Amino acid sequence: MADQAQVKDVNDVKNPKPVAPSPRRPVRVIAVASGKGGVGKTNVSVNLAAALAVEGRKVLLMDADLGLANVDILLGLHPRYDLRHVISGERTLAEIVIDGPLGIHIIPASSGVARMTELSSAEHAGLIRAFSDLDIPVDVLIVDTGAGIADSVLSFARAAQEVVVVVCDEPSSITDAYALIKVLSRDHGVTRIHILANMVRDSAQGEKLFAKIARVAEQFLDVNLQYFGAVPHDDFLRKAVQRQAAVVEAYPRSKSALAMKTLAKRVDKWSAPIAASGRLEFFVERLIEQESTFEAHQ
Ligand SMILES: Nc1ncnc2c1ncn2[C@@H]1O[C@H](COP(=O)(O)OP(=O)(O)OP(=O)(O)O)[C@@H](O)[C@H]1O
Ligand SMILES: [Mg+2]
């Protein structure tokens with residue numbers, strides 16, 4: 001692991017002071033999306049969750065890639081029940097929550113169940129509403145969505161306060177990310193989006209990639225794009241995937257783990273979520289708010 005020790009974080013933190021955890025804060029809800037598949041959403045979700053947990057945050061990680069779930073596979077978990085059982089009414093949301101590494105709570109989903117990809121808007125809304133009955137202490141809810149612009153992705157993204165779009169430096173990833181940003185901002189009232197450049201060579205490549213997307217988005221869309229940062233291409237991340245572990249835990253000094261930790265610190269610096277309590281009502285309120293705005297425009 002000697003090569004890990006000399007690694008410089010691509011995000012090159014100028015102020016690495018840790019942010020002190022506060023005892024009781026409103027829940028921050030972050031949806032992780034992309035246009036194109038396979039760009040690293042699940043790895044970003046899992047490792048951001050892990051890095052936030054290392055900082056002392058109470059993290060709930062939801063696998064919202066409803067038909068092709070794989071948070072459990074990435075972490076080597078074997079859930080008995082998942083969101084399919086919540087939809088069928090066999091289990092409550094609280095009953096399917098399992099414990100992952102570093103004290104992260106996980107809401108697993110199913111893989112290879114076509115019905116889960118065909119849920120109605122009412123069923124998506126029902127799932128999101130189920131969060132208000134979830135009585136576990138949470139500082140951050142991370143929602144790993146599926147690729148593309150399926151209804152489920154749009155529902156979860158507009159119910160979250162923060163949307164992170166993961167993009168790689170290749171034409172199809174950039175085009176598809178732009179298409180997602182366009183649909184989110186134009187049709188779903190999501191006006192603040194964070195861009196994460198994954199699998200970059202260095203920080204300059206990440207910044208350039210962001211500038212490319214921001215230039216076009218600012219010209220044609222009414223959206224505020226913010227640069228979240230970059231995660232370098234890293235063989236240690238692949239090794240961690242093979243070991244079914246978060247790279248932040250398996251190889252904490254690798255360059256991708258360092259980058260994820262920097263991103264977790266940036267999350268703490270985002271403006272505070274607005275909500276009355278440290279429960280998940282905000283997630284639900286946002287959904288209801290967005291639903292009425294959405295209906296008003298129909
Ligand atoms: N920073 C990285 N460095 C090296 N490999 C990476 C990195 N990020 C992701 N990968 C590789 O890409 C693969 C796909 O990542 P992941 O499953 O997180 O993508 P995804 O966007 O969630 O895919 P899907 O759209 O299928 O849900 C991983 O198994 C891993 O091998
Ligand atoms: Mg995924």
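All values reported here derive from a predicted model rather than from experimental measurement.

Side note on the sheet that holds strand 6 (residues 162–167)
At step 1: Ordered by their spatial adjacency, eight strands build an open sheet running 3-4-2-5-1-6-7-8, and the pairing between neighbours is mixed. Each edge of the open sheet is held by one strand with a lone partner, namely strand 3 (98–99) and strand 8 (224–232).
At step 2: As paired strands, strand 7 (residues 192–200) and strand 8 are joined by eight bridges and run parallel to one another. Across the sheet, the residue bridging to Asn198 is Val231, located in strand 8.
At step 3: Contacting strand 1 (28–33), strand 6, strand 7 and strand 8, helix 8 (residues 171–187) runs over the sheet at an angle of about 160° to strand 6.

Here we look at unusual backbone geometry
At step 1: The backbone phi angle of Met199 is positive, close to 60°, even though this residue is not glycine.
At step 2: Following the sequence through the fold, Met199 ends up in strand 7.
At step 3: The phi torsion at Gln244 lies on the positive side, around 55°, for a residue other than glycine.
At step 4: Tracing the backbone through its elements, the reader meets Gln244 in the loop between helix 10 (235–242) and helix 11 (247–250).

Regarding helix 8
At step 1: Between its terminal C-alpha atoms helix 8 stretches 24 Å, which fits the 24 Å expected from 17 residues at 1.5 Å a residue.
At step 2: Lining the buried residues of helix 8 we find strand 1, helix 7 (151–159), strand 6, strand 7, helix 9 (203–220) and strand 8.
At step 3: Following helix 8 by one or two positions, Gly189 adopts a phi angle in the positive range, close to 65°.

So, the pairing of strand 5 (residues 140–145)
At step 1: Burial of strand 5 is extensive: six of the six residues sit out of reach of the surface.
At step 2: A two-sided burial pattern is seen for strand 5, the buried positions comprising Val140, Ile142 and Asp144 on one face and Leu141, Val143 and Thr145 on the other.
At step 3: The pairing of strand 1 with strand 5 spans five bridges and is parallel. Within strand 5, the position partnered with Val32 by the bridge is Asp144.

A word on the environment of Asp63
At step 1: Of note, Asp63 is situated in strand 2 (residues 59–64).
At step 2: Here the alpha-carbon distance between Asp63 and Ile142, two residues 79 residues apart in the chain, equals 8.6 Å.
At step 3: Setting aside residues no more than four positions away along its own chain, Asp63 makes contact with Ala69, Asn70, Val71, Asp72, Leu83, Ile107, Pro108, Ala109 and Asp144.
At step 4: Here Asp65 takes part through its backbone nitrogen, which lies 3.2 Å from a polar atom of the side chain of Asp63.
At step 5: Here Val71 takes part through its backbone nitrogen, which lies 2.9 Å from a polar atom of the side chain of Asp63.

What about the packing of helix 2 (residues 41–54) against helix 12 (residues 255–269)?
At step 1: Contact geometry for helix 2 and helix 12: axes closest at 8 Å, N-to-C directions at 70°. Relative to helix 12, helix 2 is oriented roughly perpendicular. In this structure, helix 2 uses Asn43, Val44, Asn47, Leu48, Ala51 and Leu52 to contact helix 12, whose residues at the interface are Met260, Lys261, Leu263, Ala264 and Val267.
At step 2: When grouped by side-chain class, the residues that make up the contact of helix 2 with helix 12 number eight nonpolar, two polar and one charged.

Rules behind the numbers
Residues numbered from 1 in each chain as written. Chains lettered and ligands numbered in written order. Predicted model: local features only at pLDDT ≥ 70, side-chain atom pairs only at ≥ 80, totals over all residues. Heavy atoms only, no water. Pairing = 2+ DSSP bridges. Helix = DSSP H or I, 4+ residues; strand = E, 2+ residues; numbered from the N terminus. Contact = heavy atoms within 4.5 Å. Axes fitted to C-alpha atoms, helices over the stretch in contact; angles between N-to-C directions. Expected span 1.5 Å × (residues − 1). Buried < 20%, exposed > 50% of the residue type's maximum accessible area, 1.4 Å probe, protein only. Polar contact = N/O pair within 3.5 Å; in protein donor to acceptor, adjacent residues only side chain to side chain. Parallel < 35°, antiparallel > 145°, perpendicular 65-115°, else oblique. Nonpolar A, V, L, I, M, F, W, Y, C, P; charged D, E, K, R; others polar.

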